[in-house]
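Structure assessment
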Amino acid sequence: MKLQRMNRRALTLGALAVSGALALTACGSDDTGDSNGGEKTTANSKIDCEGAKGQLMASGSSAQKGAIDAWVKQYRAACKDVQLQYKPDGSGAGITSFLQGQTAFAGSDSALKPDEIAESKKVCKDSQAIDLPMVGGPIAVGYNVPGVDSLVLDAKTIAEIFNGKIKTWDDKAIKKLNPKADLPGTKIQAFHRSDESGTTDNFTKYLKGAAPSAWPHEPGKSWAAKGGQSANGSSGVAQQVKQTEGAISYMELSYAKEGIKTVDIKTDAKTPVKATVDNASKAIAEAKVVGQGKDLAMELNYKPAAEGAYPIILVTYEIVCEKNNKKDTLATTKSFLNYIASEDGQALLKDESYAPMPTEIITKVRDTIKGLS
């Protein structure tokens, strides 16, 4: 069995190298090796695997990749008859794949648009797709300026940096916010996402909502401003920040944990706010459910009033059909979604630099999952 397990791991790693997908496969042991670091995961007896079997395909948000990694380690240890593959190819690509009937569910950092809901009635066969908020967290603004270990920026300054109006790190607007910092004349290298991204959507919604005069572009999954440089996925922009002196970009906090310094955001609060899970949770708590019926799409507040609330936030949704999901994967889809929405599933998020959903919201999510058909 040990050899069999090693062979399966080798096959999985080979698939990763070929496709770039996150391939996560259940094996037949209660102690499942962690393909990232050799740690072992003990099967969680609270996970209900009844009816769950076969292969489950999903794709979308790269923002939630760390959360999916953590969840699958636990899920695959409990549900040995399931092969689960999640491809973190961006929110736009994930929604497209789901609407084409290629996946059981999609991950998106933006709720479905009206035209996408209308289109979903084809794949959902006279039903429609719904948004299930599952993962929250801060969008960090990461930077690489040697010798500057602490940096404060406000919405207007960030907007002007990404809009190409502020071009060097010793610009007077940055100096005013950081009077004690030794800011160099290094050229600013602003990176944005090249793929359609819910992270981009939420980041630009923040810029538009908090600094409308400095950000004339409409928010959206695709980057609208001219200039700057681009990279694919959250991992792509994070890598560019790491290796490029003078770089700045936006990414989920989980991608900024290793070797990337993050900006403190000046708001109306007395003290600039750090990008932390707890500070993001304070802002997410002010969000409202605005979806109709079983759809739990949320309206985020990018100018939160609470002291210490981090304003640049996102919520990742798992997108499924309300009714008429694929019969061959319905039981497995509900099993996995039930787990990640459970207390145990949500409890894993904070350790991975994500924010659990507020109790009022996640309770509605659990009730909705039960009714999926």
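The shown structure was predicted, so the numbers you read here are calculated from the model rather than taken from an experiment. (Residues numbered from 1 in each chain as written. Predicted model: local features only at pLDDT ≥ 70, side-chain atom pairs only at ≥ 80, totals over all residues. Heavy atoms only, no water.)

Okay, the pattern of salt bridges next. Taken as a whole and judged by the stated rule, the model has eight salt bridges. Between Arg193 and Asp195 there is a salt bridge, and its shortest N-O distance comes to 2.8 Å. In this structure, Lys350 and Asp278 form a salt bridge, with 2.9 Å as the shortest nitrogen-oxygen distance. Linking Lys350 in the loop between helix H11 (343-347) and helix H12 (359-370) with Asp278 in helix H9 (residues 277-284), this pair joins segments that are 72 residues apart in sequence. Here Asp278 falls in the partly exposed class, since its relative accessible area comes to 42%. (Salt bridge = Lys/Arg side-chain N within 4 Å of Asp/Glu carboxyl O. Helix = DSSP H or I, 4+ residues; strand = E, 2+ residues; numbered from the N terminus. Buried < 20%, exposed > 50% of the residue type's maximum accessible area, 1.4 Å probe, protein only.)

This next bit is on the nonpolar core. In this structure, Trp71, Met134, Phe162 and Ile248 are the most contacted members of the largest nonpolar core, which totals 106 residues. For this core, the leading source of residues is strand E7 (residues 129-143), giving nine residues. (Core = buried A, V, L, I, M, F, W, Y, C linked by side-chain atoms within 4.5 Å.)

The backbone of Lys125 shows a phi angle near 55 degrees, a positive value even though the residue is not glycine. Along the chain, the position of Lys125 falls in the loop between helix H4 (114-123) and E7. The backbone of Ser353 shows a phi angle near 70 degrees, a positive value even though the residue is not glycine. You can see Ser353 is positioned in the loop between H11 and H12. You can call Ser353 buried: its relative accessible area is 11%.

With that settled, consider the packing of aromatic side chains. One pass over the structure, following the stated rule, counts nine aromatic pairs. Judged by centre distance (6.0 Å) and plane angle (65 degrees), the rings of Phe162 and Trp223 are edge-to-face. With a gap of 61 residues between them, Phe162 in helix H5 (residues 155-162) and Trp223 in the loop between helix H7 (198-210) and strand E10 (229-231) connect regions that are remote in the sequence. The same class applies to Phe162 as to Trp223, namely buried. Here the aromatic rings of Phe162 and Tyr250 are separated by 6.1 Å at their centres, their planes lie at 65 degrees, and the arrangement is edge-to-face. On the criterion of sequence distance, the pair formed by Phe162 in helix H5 and Tyr250 in strand E11 (residues 247-252) is long-range, its members being 88 residues apart. (Phe/Tyr/Trp six-rings, centres within 6.5 Å; stacked < 30°, edge-to-face > 60°.)

Attention now goes to H5. Among the eight residues that make up H5, seven are buried, leaving the element largely enclosed by the rest of the structure. Residues of H5 that are buried include every one of Ala155, Thr157, Ile158, Ala159, Glu160, Ile161 and Phe162, and no others. Two residues or fewer after H5 comes Gly164, characterised by a positive phi angle close to 85 degrees.

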